[in-house]
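Chains, contacts and geometry: an overview
Spelled out, the chains give:
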Amino acid sequence: MKNIFYLLLLAPMISNAQINDIFNKAKEKLATVSPAGNTDIASGLKEALNNGVAKQVSKLTAQDGFYKNEAVKILMPAELQKVDRTLRKMGMANLADEGIKSLNRAAEDAVKEATPVFVNAITSMNFSDARNILMGPENAATAYLQRTTTAALYAKFNPIVKQSIGRVGADKIWGTIITKYNSLPLVSKVNPDINDYVTNEALKGVFTMIAVEEKEIRTDLDSRTSDLLKKVFAMQDKQ
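What this report covers is the structure whose coordinates are included nearby. Quantities reported herein were computed from a predicted structural model and do not represent experimental measurements.

Quick word on the overall build of the chain
Of regular secondary structure, the chain possesses 11 helices and 0 strands. Reading the helices (α) and strands (β) of the chain from amino to carboxyl end gives α-α-α-α-α-α-α-α-α-α-α. Long-range contacts, defined here as pairs at least 24 residues apart, represent 79% of the contacts in the chain between residues at least 6 apart.

The structure is reproduced here in structure tokens:
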């Protein structure tokens with residue numbers, strides 16, 4: 001501000017265009033300052049997102065993190081719902097259950113690769129992103145992560161899902177399921193892309209749980225576990 005003051009003293013020697021430029025730059029500088037400070041907002045959002053990712057992603061990577069969580073449990077793909085029903089009617093419920101469990105195990109394995117991708121997206125967040133998230137709707141942070149990480153996560157998850165499906169024997173289980181179903185009389189043959197399906201369901205599960213965490217920190221004062229989080233999210237509360 002002191003520099004701007006000295007420049008204004010020299011105004012008679014400066015053109016109107018130059019003066020306007022000085023004022024505009026000063027206004028832009030002042031517009032970026034907030035009561036909590038842009039640095040606080042960005043740091044607070046990054047802390048909240050890092051906490052949410054660490055808490056929720058770690059839950060999903062544990063055994064049964066998907067399989068016993070009804071919010072994200074992976075079921076038969078839509079085109080195989082009839083397969084599931086038919087197998088159960090034919091007394092092969094155990095085979096159907098093993099098929100579903102194997103899909104969830106593959107997702108639990110894949111999600112272990114998520115954290116570095118999220119950390120990179122969070123680190124890259126700028127002041128504008130942070131302010132828009134803080135003052136945005138209750139899923140603004142989740143939407144930001146979806147927008148900035150989905151492509152990278154899919155690329156990470158898909159080969160691991162494929163590898164995991166082989167390791168847990170899901171490829172054999174699903175091979176048996178599809179073979180048995182396709183051998184039944186009067187059924188339409190099926191051959192779904194299980195790797196793509198599980199990868200997309202794993203992504204969906206990750207963002208579902210991050211949205212749960214985001215809502216909690218926005219609405220539950222006790223979830224703001226540091227002075228910085230309390231300070232930054234108090235701004236949101238005043239909207």
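Some thoughts on the pattern of salt bridges
Evaluated as defined, the whole model comprises 10 salt bridges. A salt bridge links Asp64 to Lys68; the shortest N-O distance between them is 3.7 Å. The exposure class assigned to Asp64 is buried, which follows from its relative accessible area of 19%. In this structure, a network of salt bridges that share partners links the residues Asp64, Lys68, Arg105 and Glu108.

Let's talk about the packing of aromatic side chains
Evaluated as defined, the whole model comprises 1 aromatic pair. Plain terms: the ring middles of Phe118 and Phe207 are 6.0 Å apart, the flat faces sit at 85° to each other, and that makes the pair edge-to-face. Of this pair, Phe118 sits in helix H6 (residues 114-123) while Phe207 sits in helix H10 (residues 194-219), placing them 89 residues apart in sequence. A cation sits over an aromatic face here: Lys73 above Tyr67, 4.7 Å from the ring centre.

What to know about unusual backbone geometry
For Asp64, which is not glycine, the phi torsion reads 75° and is therefore positive. The residue Asp64 is located in the loop between helix H3 (38-61) and helix H4 (81-89) in this model.

Points about helix H7 (residues 127-134)
For H7, the full list of buried residues reads Asp129, Ala130, Ile133 and Leu134. Projected onto a plane normal to the axis of H7, the buried residues spread over an arc of 125° and lie on a single side. Looking at the buried residues of H7, the elements they touch are H3, helix H8 (140-167), H10 and helix H11 (227-237). N-cap assignment for H7: the residue whose side-chain oxygen lies 3.1 Å from the backbone N of Ser128 is Asn126.

Re the packing of H3 against H6
Two quantities define a packed helix pair, namely the angle between the helix axes and the distance between the axes. Put simply, H3 and H6 touch, their axes get as near as 10 Å, and they point 170° apart. Between H3 and H6, the angle is such that the two are roughly antiparallel. On H6, the residues touching Lys46, Leu49, Asn50, Val53 and Val57 of H3 are Ala114, Thr115, Phe118, Val119, Ile122 and Thr123. Of the residues belonging to the contact of H3 with H6, the class tally is 7 nonpolar, 3 polar and 1 charged.

What counts and what doesn't
Residues numbered from 1 in each chain as written. Predicted model: local features only at pLDDT ≥ 70, side-chain atom pairs only at ≥ 80, totals over all residues. Heavy atoms only, no water. Helix = DSSP H or I, 4+ residues; strand = E, 2+ residues; numbered from the N terminus. Contact = heavy atoms within 4.5 Å. Salt bridge = Lys/Arg side-chain N within 4 Å of Asp/Glu carboxyl O. Buried < 20%, exposed > 50% of the residue type's maximum accessible area, 1.4 Å probe, protein only. Phe/Tyr/Trp six-rings, centres within 6.5 Å; stacked < 30°, edge-to-face > 60°. Lys NZ or Arg CZ within 6 Å of the ring centre and 35° of its normal. Arc of directions from axis to C-beta. Polar contact = N/O pair within 3.5 Å; in protein donor to acceptor, adjacent residues only side chain to side chain. Axes fitted to C-alpha atoms, helices over the stretch in contact; angles between N-to-C directions. Parallel < 35°, antiparallel > 145°, perpendicular 65-115°, else oblique. Nonpolar A, V, L, I, M, F, W, Y, C, P; charged D, E, K, R; others polar.

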